[in-house]
Amino acid sequence: SATASAPTPSGRAPLTLSQESQQRIGVTSTLAAIRSLSHVIHARGRVAFDPDLYTAIEEYRQAAIAQKSLSGSSYPGMSDQSHSLLESSATKLKLLGLNDEQIRQLSRSSSSSINLLLPKGHVWVYAEVYEFEAGDLTGDLSIEAESPAIPGVTFRGKVASISPVLNTPTRTIRVRAEVPDPKGLLRPDTYLNVRISKSQGQKLAIPEDAVLREADKNYVFILDQTDRFTPRQIQIGMKAQGYYEVLSGLKAGERVVTGANFLLDSESRLRALIATPPDVSSKPKEHSPGSHP
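Note that the coordinates shown come from a computational prediction; the quantities given were computed from them, not determined experimentally.

### Observations concerning the pairing of strand 13 (residues 255–259)
Along strand 13, four of the five residues are buried, which leaves the element largely enclosed by surrounding structure. The pairing of strand 2 (residues 28–31) with strand 13 spans four bridges and is antiparallel. Paired with Thr28 across the bridge in strand 13 is Gly259.

Written out as structure tokens, the structure is:
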């Protein structure tokens with residue numbers, strides 16, 4: 001972490017403003033602090049109830065029974081054919097959002113199909129996550145869902161499975177989540193706005209508004225108790241929930257400016273320019289009368 005003695009970035013200079021001047025231009029600030037951050041993926045979703053899923057489950061079970069009965073068959077090709085049918089049925093279930101463990105359970109339990117379709121006091125939610133965000137679908141994932149038809153109510157649950165198959169036309173991955181709905185407010189096929197969250201742990205973070213970005217460099221203004229604004233270069237990491245993770249250049253408890261940054265930056269650049277002596281080496285040479293350039 002940087003300290004108060006960190007060098008001032010080139011091209012910028014510290015400045016001091018009175019409280020009245022700060023109020024006039026709208027300066028606001030906050031402390032750099034350790035915060036619990038989560039990466040959030042926004043997706044469109046719906047409440048799931050699929051007659052096609054029930055049919056696919058029954059097809060898979062029949063294929064599993066057929067494979068078991070034909071495993072010792074003396075008819076050539078019959079066992080291979082039943083195995084191919086079982087794999088095809090499993091792939092169809094994966095496309096509908098089931099994971100490998102759920103598919104394995106289907107061959108062991110006669111009640112799983114009903115639980116998968118209508119879990120008691122819960123609903124299944126399908127969310128379609130774009131391919132470029134699919135890499136973030138790892139670990140323990142929670143979900144929040146809201147319906148325009150039920151304003152002011154947020155439904156929260158856990159992601160149960162992630163389809164391994166990409167939906168080519170939409171370039172999305174299907175996520176299946178179980179969400180408590182004890183009052184039965186959510187109806188099948190209800191449209192939902194979904195947020196999938198993955199905890200990133202405790203991070204030193206500052207609001208997005210505190211960061212001034214210039215090419216590949218990032219700056220903040222540190223405000224001390226003497227009303228002095230000092231520019232400082234920092235390194236930032238991930239962006240989450242309106243905050244940037246700070247990798248270096250700041251320590252917890254330092255106060256950063258979050259409002260009027262651009263005005264302060266303009267004044268800081270101007271003062272740095274005034275304080276820099278002109279480069280006389282770049283002036284054209286004077287020539288005596290009669291001489292040639």
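### Some words on helix 6 (residues 261–275)
Counted at 1.5 Å a residue, the expected span for helix 6 with its 15 residues is 21 Å, and the 21 Å between its end C-alpha atoms agrees. Considered for burial, the residues of helix 6 that qualify are Asn261, Leu264, Asp265, Ser268 and Ala272. Viewed end-on, helix 6 has its buried residues packed into an arc of 100°, placing them on one side of the element. The exposed residues of helix 6 that point more than 90 degrees off its buried face are Phe262, Leu263, Leu273 and Ile274.

### Points about the packing of aromatic side chains
Going through the model one piece at a time under the given rule, you end up with one aromatic pair. Across the ring face of Tyr219, the terminal group of Arg12 is positioned such that the distance to the ring centre comes to 4.0 Å. Of note, Arg174 hangs over the ring of Tyr126, and the distance from its end group to the ring centre comes to 4.0 Å.

### Some remarks on the packing of helix 2 (residues 51–70) against helix 3 (residues 78–95)
At their nearest, the axes of helix 2 and helix 3 sit 8 Å apart, and the two run at 155° to each other. Between helix 2 and helix 3, the angle is such that the two are roughly antiparallel. In the crossing of helix 2 with helix 3, the sense of the turn from one axis to the other is left-handed. Across from Leu53, Ala56, Ile57, Glu59, Tyr60, Ala63, Ala64, Ala66, Gln67 and Leu70 in helix 2, the residues of helix 3 making contact are Met78, Ser79, Ser82, His83, Leu85, Leu86, Ser89, Ala90, Lys92 and Leu93. Classifying every residue of the contact of helix 2 with helix 3 gives 13 nonpolar, five polar and two charged.

### Brief notes about the environment of Lys92
Mapping Lys92 onto the fold places it in helix 3. Classification of Lys92 as partly exposed rests on a relative accessible area of 36%. For the pair Lys92 and Tyr60, spaced 32 residues apart in sequence, the C-alpha separation works out to 8.9 Å. Not counting residues up to four positions away in its chain, the partners in contact with Lys92 are Ala56 and Glu59.

### A word on unusual backbone geometry
Although it is not a glycine, Ala215 sits at a positive phi angle of roughly 55°. Tracing the backbone through its elements, the reader meets Ala215 in the loop between strand 9 (212–214) and strand 10 (217–223). What makes Ala215 exposed here is its relative accessible area of 83%. For Gln241, which is not glycine, the phi dihedral falls at a positive 55°. Relative to the elements of secondary structure, Gln241 occurs in the loop between strand 11 (228–240) and strand 12 (243–248).

### Some thoughts on the side chain of Arg174
Topologically, Arg174 is positioned in strand 7 (residues 172–180). The buried category is assigned to Arg174, whose relative accessible area is 16%. Of the polar contacts made by the side chain of Arg174, one reaches the side chain of Glu128; its length is 3.1 Å. Residues contacting Arg174, with those up to four places away along its chain left out, are Arg46, Leu95, Leu96, Gly97, Tyr126, Ala127, Glu128, Ser161, Ile162 and Ser163.

### Topic: the pairing of strand 10
Counting buried positions along strand 10 yields six of seven residues, so the element is predominantly enclosed. Here strand 9 runs beside strand 10; their pairing, made up of three bridges, is antiparallel. Among the inter-strand pairings, Glu214 is bridged to a residue of strand 10, identified as Lys217. Between strand 9 and the antiparallel strand that follows it, strand 10, lie two residues; Ala215 among them carries a positive phi value of about 55°. As defined by bridge partners, strand 10 adjoins strand 11 across six bridges and the pair is classed as antiparallel. Bridge pairing in strand 11 links Leu223 to Phe229. The turn linking strand 10 back onto strand 11 is made up of four residues, and Asp227 within it adopts a positive phi angle of 65°.

Basis of the calculations
- Residues numbered from 1 in each chain as written.
- Predicted model: local features only at pLDDT ≥ 70, side-chain atom pairs only at ≥ 80, totals over all residues.
- Heavy atoms only, no water.
- Buried < 20%, exposed > 50% of the residue type's maximum accessible area, 1.4 Å probe, protein only.
- Helix = DSSP H or I, 4+ residues; strand = E, 2+ residues; numbered from the N terminus.
- Pairing = 2+ DSSP bridges.
- Expected span 1.5 Å × (residues − 1).
- Arc of directions from axis to C-beta.
- Phe/Tyr/Trp six-rings, centres within 6.5 Å; stacked < 30°, edge-to-face > 60°.
- Lys NZ or Arg CZ within 6 Å of the ring centre and 35° of its normal.
- Axes fitted to C-alpha atoms, helices over the stretch in contact; angles between N-to-C directions.
- Parallel < 35°, antiparallel > 145°, perpendicular 65-115°, else oblique.
- Left-handed = near helix turned anticlockwise from the far one by under 90°.
- Contact = heavy atoms within 4.5 Å.
- Nonpolar A, V, L, I, M, F, W, Y, C, P; charged D, E, K, R; others polar.
- Polar contact = N/O pair within 3.5 Å; in protein donor to acceptor, adjacent residues only side chain to side chain.

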